[in-house]
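Coordinates in review
In case you want the letters, here they are:
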Amino acid sequence: DMIQLAMKKCLIEDSKQVINLGDTPSDLQSAEAANVLYSVGSLYGTHSEEELKSYKYDQLISNPIEMIEIIKRLNG
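All of the points below concern the structure found in this document. (Residues numbered from 1 in each chain as written. Predicted model: local features only at pLDDT ≥ 70, side-chain atom pairs only at ≥ 80, totals over all residues. Heavy atoms only, no water.)

The grouping of I19, L37, I71 and L74 at the surface amounts to a nonpolar patch, some 270 Å² of accessible area in total. Mapped onto the fold, L37 is located in the loop between α2 (25–34) and β2 (38–42). What makes L37 partly exposed here is its relative accessible area of 37%. (Patch = residues over 30% accessible without salt bridge, like charges linked within 9 Å, V, L, I, M, F, W, Y side chains within 5 Å. Areas by Shrake-Rupley, 256 points an atom, 1.4 Å probe, with all protein chains shown as cover. Salt bridge = Lys/Arg side-chain N within 4 Å of Asp/Glu carboxyl O. Helix = DSSP H or I, 4+ residues; strand = E, 2+ residues; numbered from the N terminus. Buried < 20%, exposed > 50% of the residue type's maximum accessible area, 1.4 Å probe, protein only.)

The following block contains the structure:
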């Protein structure tokens, strides 16, 4: 699993310290399977809101700059 590998490389043991950003259904499914803190679906990538809306996510964003506010809020 991509998220587990990234966690291992970054020496992160707790998936609740991870925010996932993805633009595909498999990205959102990986986030759910890894039980991340927050899963963000990107609408500026390969899939539309219509294509992503049936998958589990915490928030959809349409501009990369929105990630800054998400990180600030979650670190608050």
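Having seen the model, we can carry on.
Looking now at the environment of S39. Looking at where S39 falls in the secondary structure, it is placed in strand β2. Taking the C-alpha atoms as reference points, S39 and Y57, separated by 18 residues in sequence, lie 5.0 Å from one another. Setting aside residues up to four positions removed in sequence, S39 forms contacts with N20, L28, A31, K56, Y57, D58 and Q59. (Contact = heavy atoms within 4.5 Å.)

In spatial order, the strands read β1-β2-β3; together these three strands make up an open sheet with parallel pairing. At either end of the open sheet lies a strand with only one pairing partner, and these are β1 (19–22) and β3 (59–61). Ignoring strand direction, the axes of neighbouring strands in this sheet form an average angle of 25°. The pairing of β1 with β2 spans four bridges and is classified as parallel. Within the sheet, the bridge partner assigned to N20 lies in β2 and is S39. Running over the sheet, α2 touches β1 and β2 and is turned about 180° from β2. (Pairing = 2+ DSSP bridges. Axes fitted to C-alpha atoms, helices over the stretch in contact; angles between N-to-C directions.)

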